[in-house]
Amino acid sequence: MAVLELRNVTFKYQLAKENILEDISFSIEKGEFVALVGKNGVGKTTLCSIMRGLIPTFHTGTMSGQVLLNGSDISEMSMGDIALHIGFVFQNPFVQVSGVKQTVFEEIAYGLENLGVERSEIIRRVDEMLNQLNINHLRFKHPMQLSGGQSQRVALASVLVMDPEILIIDEPTSQLDPQGTEEVFETIRLLKDRKKTIILVEHKIDWVAEYADRIIVIDQKQIVKDAPAQAVFSDPMLLSTGNNLPQVALLALKLMKSGKAVFDEIPTTLEDAYQQLKGRVR
Ligand SMILES: Nc1ncnc2c1ncn2[C@@H]1O[C@H](COP(=O)(O)OP(=O)(O)OP(=O)(O)O)[C@@H](O)[C@H]1O
Ligand SMILES: [Mg+2]
């Protein structure tokens, strides 16, 4: 059974003239790592809010269709029940900060505290997160006095520490440097190894190509492609939706255009390109 399924979802924000999303359907199995891709303003964050049940409850508008979480319609579930299953990392990390805690440590511990988890277990899990996301040096800092990138890591930690079965993560690396970006992707990989279901919105296509299994491309209110990462990122059609292809794929396509068939198939990851090339170059 799918852990999360959308059936013919259409949504229009209250004051908008047109629908933002139309007839969106897909289903996600347990343990899948799916990336949502689309240009700015296409409705990715809106779609995340729909999956998390924040639409149409908090952000009002007109919605039709269904969202099923483990087979149950989320419109019949409470926000709290949904939150037990779905962890949501907001695009803007400052939105995630509780505003009631004095240190990063306490901030990350907040959700577990609310669930009444035992203190020693809270400390163990928060420590694990601080190390995992390389933010141990921030543990005594005030959550409101962090840089954008630091805040982004703390926001991610505060959701991951809850250990939800499904994670919806909206642009977690937008304010991070290359090292921070790699650490976040490595963290997401660990989650995948633990059979978590992951839905990620991310513009850094090279990273998405290296890590995600399946890509859903949104353009002009609809899903225009839903396929394995290799298939999506080797197809120049993606360029026409305002998204980039991975650098290695662009290189391979350029070589191909100039009549140099160096690759058997368009590589989408560095490893893929390396495997195809290593026997051929002197
Ligand atoms: N609460 C709201 N009320 C009305 N319109 C909204 C609301 N929130 C977002 N929108 C509009 O819906 C459209 C889609 O926004 P959304 O944030 O979902 O896009 P996105 O794909 O996440 O973009 P980005 O890549 O910039 O994060 C935008 O035109 C935006 O202005
Ligand atoms: Mg967005």
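Keep in mind it's a predicted model, so treat the numbers as computed, not measured. (Residues numbered from 1 in each chain as written. Chains lettered and ligands numbered in written order. Predicted model: local features only at pLDDT ≥ 70, side-chain atom pairs only at ≥ 80, totals over all residues. Heavy atoms only, no water.)

A look at the coordination of the magnesium ion (ligand 2)
On the protein side, the magnesium ion (ligand 2) has Thr45 (OG1) and Gln91 (OE1) as donor atoms, found 2.0 to 2.2 Å from it. Placement of Thr45 in helix α1 (residues 44-51) and of Gln91 in the loop between β6 (86-89) and α4 (93-96) is noted, with a sequence separation of 46 residues between them. Judged by its relative accessible area of 32%, Gln91 is partly exposed. (Donors = N, O, S within 2.8 Å, 3.2 Å for Na, K, Ca; no water. Helix = DSSP H or I, 4+ residues; strand = E, 2+ residues; numbered from the N terminus. Buried < 20%, exposed > 50% of the residue type's maximum accessible area, 1.4 Å probe, protein only.)

Some remarks on the site of ligand 1
In the region of ligand 1, 13 residues are neighbours, and Gly41, Lys44, Thr45, Thr46 and Gln91 sit closest. One of the side-chain N or O atoms of Thr46 is found 2.5 Å from an oxygen atom in ligand 1. For ligand 1, the protein covers 60% of the area, taking 640 Å² as the surface of the free molecule. A per-element tally of the shell around ligand 1 places α1 first, with three residues. Taken together, the residues that form the shell around ligand 1 break down as three nonpolar, seven polar and three charged. (Near = heavy atom within 4 Å. Polar contact = N/O pair within 3.5 Å; in protein donor to acceptor, adjacent residues only side chain to side chain. Areas by Shrake-Rupley, 256 points an atom, 1.4 Å probe, with all protein chains shown as cover. Nonpolar A, V, L, I, M, F, W, Y, C, P; charged D, E, K, R; others polar.)

Quick notes on α1
Of all the eight residues making up α1, seven are buried; the element is thus mostly covered by neighbouring parts of the structure. Along α1, the residues that are buried comprise Lys44, Thr46, Leu47, Cys48, Ser49, Ile50 and Met51. Looking one or two places after α1, you find Gly53, whose phi comes out positive at around 80°.

As for the pairing of β6
Burial along β6 is two-sided: the face carrying Ile86 and Phe88 and the face carrying Gly87 and Val89 are both buried. Sheet topology places β6 next to strand β7 (residues 166-170); four bridges connect them, and they run parallel. From the neighbouring strand, Val89 faces β7, where its bridge partner is Ile169. (Pairing = 2+ DSSP bridges.)

A word on the domain arrangement of the chain
Domain annotation for the chain reports domain 1 (4-245) and domain 2 (246-282). Each of domain 1 and domain 2 has a C-alpha centre, and these two points are 32 Å apart. Taken residue by residue, the interface counts 11 residues in domain 1 and 11 residues in domain 2. Carbon and sulfur atoms make up 60% of the area that domain 1 and domain 2 hide from each other, which totals about 880 Å². Taken together, domain 1 and domain 2 are joined by three residue pairs in polar contact (both at pLDDT 80 or more). At the level of elements, α9 (205-211) and α10 (229-233) are the ones that each hand at least two residues to the side of domain 1 that touches domain 2. If one sorts the elements of the side of domain 1 that touches domain 2 by residue count, α9 sits on top with four residues. Of the residues that constitute the side of domain 1 that touches domain 2, the class distribution is six nonpolar, three polar and two charged. (Domains from an automatic or database assignment. Contact = heavy atoms within 4.5 Å. Buried area = accessible area lost by both parts, 1.4 Å probe.)

Re the packing of helix α7 (residues 148-160) against helix α8 (residues 178-193)
Remark: α7 packs on α8, axes separated minimally by 12 Å, with the N-to-C direction vectors making an angle of 10°. Judged on the interaxial angle alone, α8 and α7 are roughly parallel. Residues Arg153, Leu156 and Leu160 of α7 form the contact with α8, whose own contacting residues are Gly180, Glu183, Val184, Thr187 and Leu191. For the contact of α7 with α8, the class distribution of residues is four nonpolar, two polar and two charged. (Axes fitted to C-alpha atoms, helices over the stretch in contact; angles between N-to-C directions. Parallel < 35°, antiparallel > 145°, perpendicular 65-115°, else oblique.)

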